[in-house]
Amino acid sequence: MKAPAFAYVKPKSLAEAFELLEQPGAKVLAGGQSLIPSLNMRLSSPQLLVDITGLSALRTITLEQAVVRIGALVTHAQLGQSEDIRKHVPLLAAAVPHIAHPAIRNRGTFGGSIALADPAAEYPACLVALNASIVVQGKDGERIVSAESFFKGLFEVDLRPGELVVAAEIRAQLKDERCAFLELARRHGDYAIIGIAAVQSEGNRFVFFGAGSTPVFARNASREPDLGAARAALARELEPPADLYNSSTTKRHLAGVLLERAWNQLTTSP
Amino acid sequence: MEPANDITLTVNGTQVSRRVAPRQHLVDFLRDELGLTGSHIGCEHGVCGACTVRVNGDIVRGCLMLAVQADGCTVETVEGLSDSRELAALQKAFHEKNALQCGFCTPGMLLAAQDLIRRGENGMSRERIREHISGNYCRCTGYQAIVDAIEEVING
């Protein structure tokens, strides 16, 4: 399984990257942990790979005025080790160990996962649950898109040709807020059968992954005041697609189980 | 004509310069260009872990990184880490505990295990070891003996 031929450039600035991305058949390469397998399997055949990993400005996590900004090139490993993330965005810290395996977490990037938008991926659901903003940049400037409207469909996001995800901005978790992250997979590091990113601030936000073509915000379940009503509402609103091993009914059942575990965690954790 | 890029990197302590096709992944480069065939090629899409190598001190999938991306990097393979004796204790434990049969997964397994050992966590559980090597497939041993060997090196 060898990739088809392509050319490769590693720009030193964003401006240079945007210029290169205008070339026909150009594609962004960051950590490569999703793109390179798809090249090896010849599911994708770009003419030019623009390797953005030289843009070190995109590799930082900053905390300013209670907003955490995570650069697109921050790796999963870097997120998992960050004290700021553990303290201020514990939902993401809890998600990282579920992402693949250590060797992949060392290269795979935060921005790559967001831009690819795999429906079974962890970060998109977290970002929707956290009401995060995605910072998108193109040669004409920057746009801020809410996570909820960024993930538009199956592997489809609000990115125009030539634009990059450069960061996500997340409000730091307040003292009386809670979160829970749970995922069911066949083996450790596998793609999720189903998972939940739950945030409790003014109200609840329960967002499921592996449950549809995008992260699925269970609006009705999130509105219910008690667990029984929330589970009943979830059973009515969630219609997860079957995968190779699990029927839609199984997944809906498992989603209810995770909702219950998350609910208990939110209401009992210190 | 197929595009090509010049790269210079340090492999097992030796600086090498080559012209590579961008589509060549790192493990093919190590095996075909440098003759370092200790890193194995299994699935070539990041699932099996047989191609695990160390780049700038971190383990990575050799099939999910292009050789051209390793320009300027320090790469270490099972050959280099055997010669430096960094893997000696693990290799001895793998031998004594029968932690390999066909040996295909072993180089990747050793690199993943050594990565865990280098983290220096105290009192590591078997569960923690299993979690860390969950990205490295072994089709012979059923993992029990591999976990035994790693546990022996970590917890004595």
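Remember, predicted model here, so these are calculated numbers, not experimental data.

Trainee: With reference to specific residues and values, describe the domain arrangement of chain A.
Mentor: Residue and element names in this part refer to chain A. Under the domain assignment, chain A is made up of domain 1 (7-52), domain 2 (59-171) and domain 3 (178-268). Centre-to-centre separation of domain 1 and domain 2, based on C-alpha positions: 19 Å. Each partner contributes residues to the interface: domain 1 has 11 residues there, and domain 2 has 14 residues. The residue inventory of the side of domain 1 that touches domain 2, partitioned by class, reads six nonpolar, four polar and one charged.

Trainee: Can you explain helix 4 (residues 106-118) of chain B? Please cite residues and give values.
Mentor: Residues and elements named next belong to chain B. In this model helix 4 runs 18 Å from its N-terminal to its C-terminal C-alpha over 13 residues, within 8% of the 18 Å that 1.5 Å per residue would give. Burial analysis of helix 4 places 10 of its 13 residues in the buried class, which makes it a mostly covered element. Taken together, the buried positions of helix 4 are T106, P107, G108, M109, L110, L111, A112, A113, Q114 and L116. Downstream of helix 4 by one or two residues, G120 has phi in the positive range, about 60°.

Trainee: So what's going on with the interface of chain A and chain B? Residues and values would help.
Mentor: Across the boundary between the two partners, chain A contributes 26 residues, which contact 27 residues of chain B. For the side of chain A that touches chain B, the secondary structure elements donating two or more residues are strand 1 (7-9), helix 2 (35-40), strand 3 (48-51) and helix 6 (102-105) of chain A. For the side of chain A that touches chain B, a count of residues per class yields 15 nonpolar, seven polar and four charged.

Trainee: Now, about the packing of helix 11 (residues 227-237) of chain A against helix 12 (residues 248-268) of chain A: what can you tell me, with residues and values included?
Mentor: Any two packed helices are characterised by the angle at which their axes cross and by the distance between the axes. Residue and element names in this part refer to chain A. Remark: helix 11 packs on helix 12, axes separated minimally by 10 Å, with the N-to-C direction vectors making an angle of 155°. Overall, the two elements helix 11 and helix 12 adopt an arrangement that is roughly antiparallel. The crossing of helix 11 and helix 12 is right-handed. Contacts between helix 11 and helix 12 pair L227, A230, R231, L234 and A235 from the former with R252, A255, G256, L259, E260 and W263 from the latter.

Trainee: Outline the packing of helix 3 (residues 88-96) of chain B against helix 6 (residues 144-155) of chain B, supporting the account with residue identities and numerical values.
Mentor: All names here are of chain B. Contact pair helix 3 / helix 6: the axes reach a minimum separation of 8 Å and the direction vectors enclose 135°. Between helix 3 and helix 6, the interaxial angle falls into the category oblique. The element helix 3 and its partner helix 6 pack so that their crossing is right-handed. Residue-level inspection shows A89, L90, A93 and F94 of helix 3 in contact with helix 6, the latter providing A149, E152 and V153. Split into classes, the residues belonging to the contact of helix 3 with helix 6 amount to six nonpolar, no polar and one charged.

Trainee: Outline the environment of V157 of chain A, listing residues and values.
Mentor: Residue and element names in this part refer to chain A. Looking at the secondary structure, you find V157 in strand 9 (residues 156-157). On the neighbour-count criterion, V157 (20 C-beta atoms within 10 Å) is buried. When the C-alpha atoms of V157 and V199 are compared, they prove to be 23 Å apart, with 42 residues separating the residues in sequence. The contact partners of V157, leaving out residues within four places of it in the chain, are A115, A117, F150, F151 and K152.

Trainee: Kindly report on unusual backbone geometry, identifying the contributing residues and their values.
Mentor: All names here are of chain B. Positive phi outside glycine occurs at E44, with the angle close to 60°. Residue position: E44 is located in the loop between helix 1 (26-33) and strand 3 (52-55). The class for E44 is buried, based on 23 C-beta atoms found within 10 Å. In this structure, Y143 takes a positive phi of about 70° despite not being glycine.

Trainee: Can you lay out the sheet that holds strand 11 (residues 178-184) of chain A for me, pointing to particular residues and giving the numbers?
Mentor: Think of a sheet as strands paired side by side through backbone hydrogen bonds, with each pair either parallel or antiparallel. All names here are of chain A. The strand order across the open sheet built from four strands is 11-12-13-14, with neighbouring strands paired in antiparallel fashion. Here the strands that pair on one side only, and so sit at the sheet edges, are strand 11 and strand 14 (216-217). Bridge count for strand 12 (residues 194-200) against strand 13 (residues 204-209) is six bridges, and the pairing is antiparallel. Note on strand 13: the bridge partner recorded for Q200 is N204. On the sheet, helix 8 (residues 122-129) packs against strand 12, strand 13 and strand 14 and is oriented at approximately 160° with respect to strand 13. Strand contacts of helix 12: strand 11, strand 12 and strand 13, with the helix running at about 30° to strand 12, the strand carrying the most contacts.

Rules and cut-offs
- Residues numbered from 1 in each chain as written.
- Chains lettered and ligands numbered in written order.
- Predicted model: local features only at pLDDT ≥ 70, side-chain atom pairs only at ≥ 80, totals over all residues.
- Domains from an automatic or database assignment.
- Contact = placed C-beta atoms within 7 Å.
- Nonpolar A, V, L, I, M, F, W, Y, C, P; charged D, E, K, R; others polar.
- Helix = DSSP H or I, 4+ residues; strand = E, 2+ residues; numbered from the N terminus.
- Expected span 1.5 Å × (residues − 1).
- Buried ≥ 20, exposed ≤ 12 C-beta atoms within 10 Å, placed from the backbone.
- Axes fitted to C-alpha atoms, helices over the stretch in contact; angles between N-to-C directions.
- Parallel < 35°, antiparallel > 145°, perpendicular 65-115°, else oblique.
- Left-handed = near helix turned anticlockwise from the far one by under 90°.
- Pairing = 2+ DSSP bridges.

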